[in-house]
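What follows is each chain in one-letter form.
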Amino acid sequence: MRERIWKVGERVFTVSRQALIMGVLNVTPDSFSDGGEFFALENALEQGLKMAAEGADLIDVGGGSTRPGAEPIGAAEELCRVIPVIERLRAKIDIPISIDTSKAEVASAAIEAGASIVNDVTAGKGDEGMLPLISKTKSAFIAMHMQGTPQTMQQHPQYADVVSEIADFFRQQYSSAIGYNIDPMAIAFDPGIGFGKTLDHNLELLAHFEQLRAHDRPLVVGVSRKAFLAKLSDSSQMEERLAPAVALTSLLRARGADVFRVHDVKENVSALRVTEAILRRAG
């Protein structure tokens, strides 16, 4: 297998050899996955430390819900939610911290507070200041695909060929990032499962995951606790989405995924390590 690396600040991860688990830390009162359980600072800090102890390689802190239909919040409110969490986590753990935002103002403050990755659901298209900021601060960058906005994305998502269209989008955003002198080795892509996609679109993307790769950059995937898992398993209980999500961690690692955004770190770390042990034997 060709070596594939991802530069995150001063660190270089060889993700072709060992994939990364990114713990999702939602600092919002209306998260679809945890119902605001970690909105309070001390709860968020405790959860972040727990995920790090369970083996998370990265922590992704987000202060604005991007669930379908979610209303946007202002930069000031988002900053109040995420900056104290990032500062406190940075003082206690040394693994990289990601800021999940599409606002350059929030990303800038988060980087100053200790974040080294910008995870943007608009892939840098939502704020004209985002790509220049990433270039200036030499941050790592996760560019995600989303059709529409969180308010509109699930109304009528349509594609002629969802796999080829998203692969083309990644190539276009790669060129845009390079145009701003962002280090190509710092770029990763996320197809945005559930972000402006139907169940069939999600399944098509997961079934042809490796075809999404652009310029040999890492592929990030987030399926944890998402609604399409409930549809496929015919279950309305959030806790019953864990098993299929863990199964997809193993399957998608074999299909080329490099970074896994998850809420349940311990279970996904175990599944990933067992899968990689087998893949190494398989050559």
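Each chain carries its own residue numbering, running from 1 in the direction its sequence is written. In keeping with the model being predicted, local features are shown solely for residues with a pLDDT of at least 70 and side-chain atom pairs are shown and tallied solely at 80 or more, while totals for entire chains, interfaces and linings include all residues. Only hydrogens and water are removed before side-chain values are computed, so all heavy atoms of the structure are retained for them.

Chemist: Help me understand the pattern of salt bridges in this model?
Modeler: Close approach of charged atoms allows side chains of opposite charge to pair. Any Lys or Arg side-chain nitrogen located within 4 Å of an Asp or Glu carboxyl oxygen qualifies as a salt bridge. Counted according to the given criterion, the structure contains 18 salt bridges. Among the ionic pairs, Lys103 bridges to Glu78, the shortest N-O distance being 2.6 Å. Linking Lys103 in the loop between strand 5 (97-100) and helix 3 (104-113) with Glu78 in helix 2 (residues 75-92), this pair joins segments that are 25 residues apart in sequence. Given the relative accessible area of 21%, Lys103 is considered partly exposed. Every helix listed is a DSSP run of H or I at least four residues long, and every strand listed is a run of E at least two residues long, numbered separately from the N terminus. The classification of residues rests on relative accessible area computed with a 1.4 Å probe and restricted to protein chains. Under 20% of the type maximum is buried, over 50% is exposed, and intermediate values are partly exposed.

Chemist: Any chance you could explain the sheet that holds strand 4 (residues 58-62) here in plain terms?
Modeler: A pair of strands counts as paired when DSSP detects no fewer than two bridges linking them. Strand order across the open sheet formed by eight strands is 8-7-6-5-4-3-10-9, with parallel pairing between neighbours. In this open sheet, the two strands that pair with only one neighbour each are strand 8 (187-190) and strand 9 (220-221). Two residues qualify as a contact provided that any one of their heavy atoms is within 4.5 Å of a heavy atom in the partner residue. Helix axes are fitted only over the stretch in contact, all axes being lines through C-alpha atoms; the angle between N-to-C directions runs from 0 to 180 degrees. Strand contacts of helix 1 (residues 41-53): strand 3 (20-26) and strand 4, with the helix running at about 170 degrees to strand 3, the strand carrying the most contacts.

Chemist: Looking at this model, I keep getting lost on the packing of helix 5 (residues 162-179) against helix 6 (residues 199-207). Mind explaining?
Modeler: The relative placement of two packed helices comes down to the angle between their axes together with the axis-to-axis distance. At their nearest, the axes of helix 5 and helix 6 sit 9 Å apart, and the two run at 70 degrees to each other. Taken together, the axis directions place helix 5 and helix 6 in an arrangement best described as roughly perpendicular. Judged by the twist between their axes, the crossing of helix 5 over helix 6 is right-handed. Contacts between helix 5 and helix 6 involve Val162, Val163 and Ile166 from the former and His201, Glu204 and Leu205 from the latter. The cut-offs work like this: below 35 degrees is roughly parallel, past 145 is roughly antiparallel, 65 to 115 is roughly perpendicular, and the gaps in between are oblique. A clockwise turn of the near helix away from the far one marks a right-handed crossing, whereas an anticlockwise turn of less than a right angle marks a left-handed crossing.

Chemist: Any chance you could explain the side chain of Glu276 here in plain terms?
Modeler: If you trace the backbone, Glu276 turns up in helix 9 (residues 265-282). A relative accessible area of 3% places Glu276 in the buried class. With residues near it in sequence (within four places) discarded, Glu276 still touches Arg17, Gln18, Ala19 and Arg253.

Chemist: Is there a simple way to think about the packing of aromatic side chains in this case?
Modeler: Aromatic rings in a pair are described by how distant their centres are and how their planes are angled relative to each other. Aromatic pairing here means that ring centres of Phe, Tyr or Trp (its six-membered ring) are within 6.5 Å. Orientation follows from the plane angle: under 30 degrees is stacked, over 60 is edge-to-face, and everything else is tilted. Applying the stated criterion across every chain, the model contains two aromatic pairs. When the centroid spacing of 6.3 Å and the interplanar angle of 55 degrees are considered together, the rings of Phe169 and Phe170 count as tilted. The class of Phe170 is buried, set by a relative accessible area of 0%. Ring geometry for Phe170 and Phe189: centres 4.7 Å apart, planes at 25 degrees, overall stacked. In this pair, Phe170 sits in helix 5 while Phe189 sits in strand 8, placing the two residues 19 residues apart along the sequence.

Chemist: Help me understand the environment of His208, please; the structure alone is not making it clear to me.
Modeler: Relative to the helices and strands, His208 resides in the loop between helix 6 and strand 9. The spacing of His208 and Gly256 is 48 residues in sequence and 9.7 Å in space, taken between C-alpha atoms.

Chemist: What exactly am I supposed to notice about the pairing of strand 4 here?
Modeler: For a regular strand, the rule is simple: side chains alternate between the two faces of the sheet. Within strand 4, five of the five residues are buried, leaving the element largely enclosed by the surrounding structure. Alternating positions in strand 4 separate into two faces, Leu58, Asp60 and Gly62 on one and Ile59 and Val61 on the other, with burial throughout. For strand 3 and strand 4, the ladder comprises five bridges, and the chain directions are parallel. Across the sheet, Leu25 pairs through a bridge with Val61, a residue of strand 4. Note: strand 4 against strand 5, four bridges, orientation parallel. Note that in strand 5 the partner of Val61 across the bridge is Ile99. The handedness rule is simple: strands pointing away from the viewer, and a clockwise path from the first strand over the helix to the second, make the crossover right-handed. In terms of handedness, the path from strand 4 via helix 2 over to strand 5 forms a crossover that is right-handed.

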